[in-house]
Amino acid sequence: MYDYLIVGAGLFGAVFAREAKDAGKSVLVIDKRPHVAGNVYTKNVEGIHVHEYGAHIFHTNNKTVWDYVQRFADFNRFTNSPVANYKGELFSLPFNMYTFNKMWGVVTPEEAATKIAEQRKEITSEPRNLEEQAISLVGRDIYEKLIKGYTEKQWGRDCRDLPAFIIKRLPVRLTFDNNYFNALYQGIPIGGYTKMVENMLSGIEVRLEEDYLKNKAAWDAMAKTVIYTGPIDAYFAYQLGTLAYRSVRFETELLDMPNFQGNAAVNYTDRETPWTRIIEHKWFEFGKDAAGNDLPKTVISREYSSEWKPGDEPYYPVNDEKNGALYAAYKELADKEEHVVFGGRLGEYKYYDMDQVIASALQCAKRVIQ
């Protein structure tokens, strides 16, 4: 019998498995996919590490987490500087002086601040929806060109029908700083995320293409404790109803050219373009192979946001009141499961960045491993 059966070989499962193994425990990791690394899985295509489940850019202010991941990978100096394409006009993201100069022709921070302050005056009362909230923060011009279409594609709903709290704040920088994240540590693992997770799981038994929920009783009998990182509602056979998610579909192409868009991420912010953004994977590693040579081909992925349905990959929890209440009811059931620990984005129905998943797994390991 194993001390721990870990369901899911993504970041949460891999970190917990490493901690348990290092504490001298016997560990088995299973995953229903044919690969480890969960949604951070990267596949090598013509020397390019393709982010199969969407762009993953590691960023954190948590030194403990940063030191931890460096045990398993060296990170490059990639800085996320996305570009917004609105009907062929290109703008810098996050909103900064380059954005404001392109939008209004302003040159100084004072001119930009004055323009934004003028436009914010349009909303005079408490914002009732996302549209009013966004305009109250950055004004109508930026809202119409850079927020409205992108947000409506992402959520599949009109901005007037989305709650204001989704956009609590919008970063406005009165500088020429194009670094999207306010993070002290940032980069991409050299050699890809899959290699990093494989290093975490080194010396640990892993079985792939195994579906825990299809044979739950048999798996449970194999271990003293189960660490479950799948969807919490699926664990309980959806007995209280289905939690809502947004999903993402990718159309990925290998192109016989060295450079498609000149940037890792370009967001398409108009409503008419059906995809939300295009990722050009080679630029996460500066267009070079492991030996530092320029890569002659490129791989792009168009991302389409969609409503989740059973069979789709769940990406973003829809953290509204209704789903929050349903999760709370499932959490009550979960707390009664004596030998099962629920963790990760799906197990906790929480939108986690990668560093938050790792921090949560480390805290869980400290609490659980005796």
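Shown above is the structure to which this text applies.
All of the points below concern the structure found in this document. Once a new chain begins, its residue numbering starts again from 1 and follows that chain's sequence as written. Thresholds applied to this predicted model are a pLDDT of at least 70 for local features of residues and 80 or more for the giving and counting of side-chain atom pairs; totals over whole chains, interfaces and linings are not thresholded and use all residues. Water and hydrogen atoms were dropped before computing side-chain values, which therefore reflect all heavy atoms in the structure.

1. Remarks on helix H10 (residues 321-335)
Okay, so step 1: Where helices and strands are cited, they refer to DSSP runs of H or I of at least four residues and of E of at least two residues respectively, numbered from the N terminus. By this rule, a helix spans an expected 1.5 Å times one less than how many residues it contains. With 15 residues, H10 ought to run about 21 Å at 1.5 Å a step, and its terminal C-alpha atoms sit 21 Å apart, in line with that.
Okay, so step 2: For H10, the complete set of buried residues consists of Asn323, Leu326, Tyr327, Tyr330 and Ala334. Taken around the axis of H10, the buried residues stretch over an arc of 100°, which confines them to a single face. When the buried face of H10 is taken as reference, the exposed residues oriented beyond 90 degrees from it are Glu321, Ala325, Glu332 and Asp335. Summary of the burial criterion: residues with accessible area below 20% of their type's maximum are buried, those above 50% are exposed, and those between are partly exposed, where the area comes from a 1.4 Å probe applied to protein chains only. The arc in question is the one traced by the directions running from the helix axis out to the C-beta atoms.

2. So, the environment of Lys25
Okay, so step 1: Relative to the assigned elements, Lys25 resides in the loop between helix H1 (11-22) and strand E2 (27-31).
Okay, so step 2: Between the alpha carbons of Lys25 and Asn80 there is a distance of 39 Å; along the sequence they are 55 residues apart.
Okay, so step 3: Whether two residues touch is decided by their heavy atoms; if any such pair falls within 4.5 Å, the residues are in contact. Setting aside residues up to four positions removed in sequence, Lys25 forms contacts with Asp3, Tyr4, Ala20, Ile369 and Gln370.
Okay, so step 4: In the analysis that follows, any N or O atom pair within 3.5 Å is treated as a polar contact, provided that within protein one partner can donate a hydrogen and the other can accept it, and provided that, for residues neighboring in sequence, both atoms belong to side chains. A polar side-chain atom of Lys25 sits 2.7 Å from the main-chain carbonyl oxygen of Gln370.

3. A short note on the packing of helix H3 (residues 97-104) against helix H4 (residues 109-120)
Okay, so step 1: Two elements in contact, H3 and H4, have axes whose closest approach is 10 Å; the angle formed by their N-to-C orientations is 65°. Considering the angle they form, H3 stands roughly perpendicular to H4. By crossing handedness, the relation of H3 to H4 is classed as left-handed. Counting all contacts with H3, which are made through Met97, Phe100 and Trp104, the residues of H4 involved are Pro109, Ala112, Lys115, Ile116 and Gln119. Here an angle of 0 to 180 degrees is reported between the N-to-C directions of two axes, which are lines fitted to C-alpha atoms, with helices fitted over the stretch in contact. Roughly parallel refers to an angle under 35 degrees, roughly antiparallel to one over 145, roughly perpendicular to one between 65 and 115, and oblique to any angle outside these ranges. Throughout, a crossing is termed right-handed when the near helix is turned clockwise from the far one, and left-handed when it is turned anticlockwise from it by less than a right angle.

4. Regarding the sheet that holds strand E1 (residues 2-7)
Okay, so step 1: Ordered in space as E9-E2-E1-E10-E16, the five strands form an open sheet in which the pairing is parallel. Looking at the sheet topology across the chains shown, the edges are occupied by strand E9 (205-208) and strand E16 (340-342). The mean inter-strand angle of the sheet, taken between neighbouring strand axes irrespective of direction, is 20°.
Okay, so step 2: Each of E1, E2 and strand E10 (223-228) is contacted by H1, which is oriented at about 165° to E1, the strand it contacts most. The pairing criterion for strands is at least two bridges between them, as found by DSSP.

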